Amino acid sequence: MKILHVVGARPNFMKVAPVLAELKKVPRVEQILVHTGQHYDPNMSDVFFQDLGMPAPDAHLGAGSGTHAQQTAKMMVEVEPVLMRHRPDVVVVAGDVNSTIAVALVATKLWIPVAHIESGLRTFDWRMPEEVNRVLTDRIAEMLFTPSRDADENLQREGIDMSRVHFVGNVMIDSLQAALPRARESRIHERLGVHKGGYALVTLHRPSNVDEPAALEKLLAVLAEISGRVPVVFPLHPRTRARVEADASLRERLERTRGLKLTDAIGYLDFLALTANARLVITDSGGIQEETTALGVPCLTVRKNTERPVTVEIGTNTLVGTDPAQIVPAAIEVLEGRGKKGRVPELWDGRAAERIARVLVRFCEERGR
Ligand code: UD1
């Protein structure tokens, strides 16, 4: 049995690592790992391989940055000969980044079945590149692994053959649970000069929040307000850093905000340590909405919608939109100890990779492998 996994961007690594580890236990399975190179800075990629104990990729496509068309096209052209050479029984893609759809599309046209991890999530907002990637990948995938019941409902509504859909739970939580003991040894709090339980953690990288200087300026003003109450740790995603560096008034705004702890993007273990011990998390990330729910840490999501409604309905997440008049009072409420408590959703139990591996092996067996 030959199973080829694809990673490319930061949120892929923690979804694929547990599946690689689980399938390694099955002697008949040969695994191939392909890195598209969508993310390439050491702190966006290499550090995750180390922190998650992932093997080095067998192939690196070196796609790099570009417009959506440039990036997706480069990955497609580069991955085609790799797939033709290995002819795997299944290609496993994860999440909703450009690497996901690029490889899924090429594999499907080579008649190689695609398995999609984190299938069925929807915002119904076609202006998000991730929504396009998710919907199209699900349409062509042979196996769809969903993290929550709402994802199953979305797929059913879209007319997907439900015998292809497997509710396996959230595989990111497998990585989180496995890494927590090591994250507890992190020295990141000392390095940043913050006390556990005494800071807010912020991440912003969605194009809708950071690409327009006016939108980003509004959010930086929110951080200035909050940093008057608690230190604010703000690791800058390269997209966000580039926007700030390109605009003198944004740069100046950051420089004069006291109480703001700016850093470059942070590796998996250190970031997990920061999340687990934050008084409050403010983010526009998808994955962090889930990690905070799993850890029971209150999270304010600075977006108008979420593809992860279970984190709001059951977990610790609150959608606050992008209006400072909403965000600041919500943040104060949490800082005053009135944050959401939440529960952990069904099958976010650290065993999703086991369930995924079982389905993949059965699929290969049924095809006579
Ligand atoms: C991508 C995903 C997004 C995910 C995010 C997590 C898509 C469409 N978007 O967005 O869903 O939430 O990753 O990080 O796939 N850059 C670097 N170094 C890197 C990578 C990127 O400097 O290692 C800079 C480049 O200037 C690049 C920009 O960041 O143009 C954006 O990178 P890109 O991969 O296109 O999108 P993300 O915003 O990272």
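Model, not experiment: these values are computed from the prediction. (Residues numbered from 1 in each chain as written. Predicted model: local features only at pLDDT ≥ 70, side-chain atom pairs only at ≥ 80, totals over all residues. Heavy atoms only, no water.)

A closer look at the site of the ligand
Moving on, step 1. Every one of the 19 residues lining the ligand counts as a neighbour, but Gln38, His39, Glu130, His205 and Arg239 are closest to it.
Moving on, step 2. At a separation of 2.8 Å, an oxygen atom of the ligand approaches a polar side-chain atom of Gln38.
Moving on, step 3. The side chain of Glu130 places a nitrogen or oxygen atom 2.5 Å from an oxygen atom of the ligand.
Moving on, step 4. Taken by itself the ligand offers 740 Å² of open surface, and the protein chains cover 85% of this.
Moving on, step 5. Elements that contribute at least two residues to the shell around the ligand include exactly helix 1 (10-24), helix 3 (68-86), helix 5 (129-140) and helix 11 (238-245). (Near = heavy atom within 4 Å. Polar contact = N/O pair within 3.5 Å; in protein donor to acceptor, adjacent residues only side chain to side chain. Areas by Shrake-Rupley, 256 points an atom, 1.4 Å probe, with all protein chains shown as cover. Helix = DSSP H or I, 4+ residues; strand = E, 2+ residues; numbered from the N terminus.)

Quick look at helix 6 (residues 149-157)
Moving on, step 1. Residues Asp150, Ala151, Asp152, Asn154 and Leu155 constitute the buried set of helix 6.
Moving on, step 2. On its buried face, helix 6 is in contact with helix 5, strand 6 (143-146), strand 7 (165-167) and helix 15 (310-313).
Moving on, step 3. Immediately downstream of helix 6, the backbone of Gly159 shows phi near 80°, a positive value. (Buried < 20%, exposed > 50% of the residue type's maximum accessible area, 1.4 Å probe, protein only. Contact = heavy atoms within 4.5 Å.)

Quick notes on helix 10 (residues 213-227)
Moving on, step 1. End to end, helix 10 covers 20 Å across 15 residues, agreeing with the expected 21 Å (1.5 Å per residue, within 8%).
Moving on, step 2. All buried positions along helix 10 are accounted for by Leu216, Leu219, Leu220, Val222, Leu223, Ile226 and Ser227. What you see down the axis of helix 10 is that its buried residues fit within an arc of 150°, all on one side. (Expected span 1.5 Å × (residues − 1). Arc of directions from axis to C-beta.)

Describing the nonpolar core
General note: in soluble globular proteins, nonpolar side chains tend to be found buried as a group.
Moving on, step 1. Judged by nonpolar contacts, the single largest core of 58 residues is most densely connected at Met54, Phe145, Tyr268 and Leu360.
Moving on, step 2. Top element by residues in this core is helix 17 (residues 352-366). It accounts for nine residues.
Moving on, step 3. Filtering out sequence-adjacent residues up to four positions away, Tyr268 remains in contact with Met14, Phe48, Asp51, Leu52, Met172, Ser175, Leu176, Ala179 and Glu291.
Moving on, step 4. Ranked by size, the runner-up nonpolar core spans 29 residues in total, among them Leu204, Leu219, Leu300 and Val302. (Core = buried A, V, L, I, M, F, W, Y, C linked by side-chain atoms within 4.5 Å.)

What to know about the pairing of strand 1 (residues 2-7)
Moving on, step 1. Counting buried positions along strand 1 gives six out of six residues, so the element sits mostly inside the fold.
Moving on, step 2. Here strand 1 shows two buried faces, one formed by Lys2, Leu4 and Val6 and the other by Ile3, His5 and Val7.
Moving on, step 3. Taken together, the six bridges between strand 1 and strand 2 (residues 30-35) define a ladder with parallel strand orientation. Within the sheet, the bridge partner assigned to Val7 lies in strand 2 and is His35.
Moving on, step 4. The β-α-β motif built from strand 1, the intervening helix 1 and the parallel element strand 2 has right-handed crossover chirality.
Moving on, step 5. The pairing of strand 1 with strand 4 (residues 90-94) spans three bridges and is classified as parallel. When the sheet's bridge partners are listed, His5 is paired in strand 4 with Val92. (Pairing = 2+ DSSP bridges. Right-handed = clockwise from strand over helix to strand, strands pointing away.)

Shape is all these values report; function is a separate question.
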